[in-house]
Amino acid sequence: MNIFKPYTEVIKKALEKDPKYSTKLYSDYEIENYDFSYINELRNELPGLEKLNETFIAMRGNTAVVDNLHKLGHHPDFIHLKNTKDTEKHWIISAFVDVKESTRLHNRFSLATVALITEGIVKASIFAVNYCGGYVHRIQGDGLMVYFGGKNIDKEQATKDALKAFSMISYFVKNDLKELLEAKGIREIYTRTGIDLGHNNQVLWMYSGLGETGEITTCSLHTSLAPKMQSKAASNGIVVGEYIVDQVNNNGRYFKEKTTPIWDFEDGRFYKHYDFDWERYLVDNNLAKQDINGNLILAIAGIENPLLNPTYLKPIAEKSKPYYNFE
């Protein structure tokens with residue numbers, strides 16, 4: 001089961017019908033007056049809450065459903081701070097993910113198609129974050145600001161959830177989305193992600209804004225460092241702070257320290273940041289497997305991919321008798 005298939009199928013249809021790409025003859029004026037009514041139909045095919053619940057149930061193997069996706073800018077554990085001057089200290093994991101070079105899509109496709117691609121990426125990312133227990137705080141174009149953690153979860157579990165969610169998003173863009181776009185000659189699209197953890201004495205929660213033009217947010221060095229780490233990530237890479245690394249067992253297997261610290265406290269201490277090997281993490285934690293061609297395939301919630309089934313491997317293994325030991 002490809003959990004991102006509902007999104008990629010819609011994006012694929014939009015790419016195939018785009019008039020700017022298919023003809024390369026339309027002027028801006030002609031494209032503007034082209035009948036894009038099919039785009040609205042495709043937007044309706046992108047999974048809503050009902051379809052997401054069906055996927056949640058299929059993957060989790062239970063009947064639990066999401067009644068409501070959390071409102072942007074309102075972490076439920078701190079909703080009591082809304083429209084008050086009160087503040088509260090509590091740890092949180094802050095993360096930023098952005099799809100880079102997506103503006104190049106405008107050179108190949110019409111505005112309506114680019115908007116649908118962006119919407120598909122955002123919805124797929126929101127799905128991954130919610131599936132893993134996170135809270136989307138803000139949408140910025142085709143990127144997200146996200147919190148993981150709260151008052152009823154420990155730091156180690158929240159860290160695992162955050163790494164899982166952004167590994168899934170990285171997989172989606174590097175594999176599923178890349179395959180669609182490369183077929184149309186687009187090779188530059190990729191994600192960059194930054195994740196950091198601030199402890200209780202390092203994070204101040206508050207309501208920031210005026211009236212309804214505001215959000216429940218955090219003031220923290222480590223919330224500010226997350227986007228800086230994002231800017232240090234490689235294509236489809238994830239960079240994390242050392243407080244994240246501290247929460248992961250066998251962390252030397254997944255994290256490679258960057259050559260220079262990301263922050264100087266100016267008191268003799270420096271804060272380190274690390275490249276995160278999310279592909280190895282997915283495989284080691286039974287979240288992904290390799291198929292017979294060595295390609296990485298998501299295997300969320302223990303769903304078996306047919307390419308990994310011994311029934312399919314048997315004809316291949318029989319050709320190499322010394323290694324054939326299914327029976």
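See the structure printed just above.
## Details of unusual backbone geometry
Of note, the phi angle at Glu-266 is positive, near 65°, even though the residue is not glycine. Tracing the chain through its elements places Glu-266 in the loop between strand 10 (263-264) and strand 11 (270-271). Not every positive phi belongs to a glycine, and Asn-286 is a case in point at roughly 55°. Relative to the elements of secondary structure, Asn-286 occurs in the loop between helix 11 (278-284) and strand 13 (288-290). Note on Asn-286: relative accessible area 53%, which makes it exposed.

## Let's talk about the packing of aromatic side chains
Aromatic ring pairs: the centre-centre distance and the angle between the two ring planes describe each pair. Taken as a whole, this structure holds twelve aromatic pairs when the rule is applied. With centroids separated by 6.1 Å and ring planes inclined at 35°, the aromatic side chains of Phe-36 and Tyr-38 adopt a geometry described as tilted. Tyr-38 matches Phe-36 in its accessibility class, with the two residues each being buried. For the pair Tyr-243 and Tyr-271, a centre-to-centre distance of 4.9 Å together with 65° between the ring planes defines the contact as edge-to-face.

## Section: the packing of helix 1 (residues 5-17) against helix 4 (residues 37-45)
Where helix 1 contacts helix 4, the axes come no closer than 9 Å and their chain directions differ by 165°. In terms of orientation, helix 1 lies roughly antiparallel with respect to helix 4. Where helix 1 crosses over helix 4, the two elements pack in a sense that is right-handed. Packed against helix 1, whose contacting residues are Val-10, Lys-13, Ala-14 and Lys-17, the element helix 4 presents Tyr-38, Ile-39, Leu-42 and Glu-45 at the interface.

## Some words on helix 7 (residues 111-131)
Taking 1.5 Å of rise per residue, 21 residues should cover 30 Å, and helix 7 covers 30 Å from first to last C-alpha, within 8% of that figure. Counting buried positions along helix 7 gives 16 out of 21 residues, so the element sits mostly inside the fold. In the stretch just after helix 7, Gly-133 is the one whose phi turns positive, near 90°.

## Overview of the pairing of strand 8 (residues 237-241)
Burial analysis of strand 8 places five of its five residues in the buried class, the great majority of the element. What you see with strand 8 is no split at all: Gly-237, Val-239 and Gly-241 on one side and Ile-238 and Val-240 on the other are buried throughout. Summarising the sheet, strand 5 (residues 190-198) and strand 8 pair through four bridges and their orientation is parallel. Of the residues in strand 8, the one forming a bridge with Arg-192 is Gly-237. In this sheet, strand 12 (residues 273-276) lies alongside strand 8 in antiparallel orientation, the contact comprising four bridges. The residue bridging Gly-241 from the neighbouring strand is His-273, located in strand 12.

Rules of the game
- Residues numbered from 1 in each chain as written.
- Predicted model: local features only at pLDDT ≥ 70, side-chain atom pairs only at ≥ 80, totals over all residues.
- Heavy atoms only, no water.
- Helix = DSSP H or I, 4+ residues; strand = E, 2+ residues; numbered from the N terminus.
- Buried < 20%, exposed > 50% of the residue type's maximum accessible area, 1.4 Å probe, protein only.
- Phe/Tyr/Trp six-rings, centres within 6.5 Å; stacked < 30°, edge-to-face > 60°.
- Axes fitted to C-alpha atoms, helices over the stretch in contact; angles between N-to-C directions.
- Parallel < 35°, antiparallel > 145°, perpendicular 65-115°, else oblique.
- Left-handed = near helix turned anticlockwise from the far one by under 90°.
- Contact = heavy atoms within 4.5 Å.
- Expected span 1.5 Å × (residues − 1).
- Pairing = 2+ DSSP bridges.

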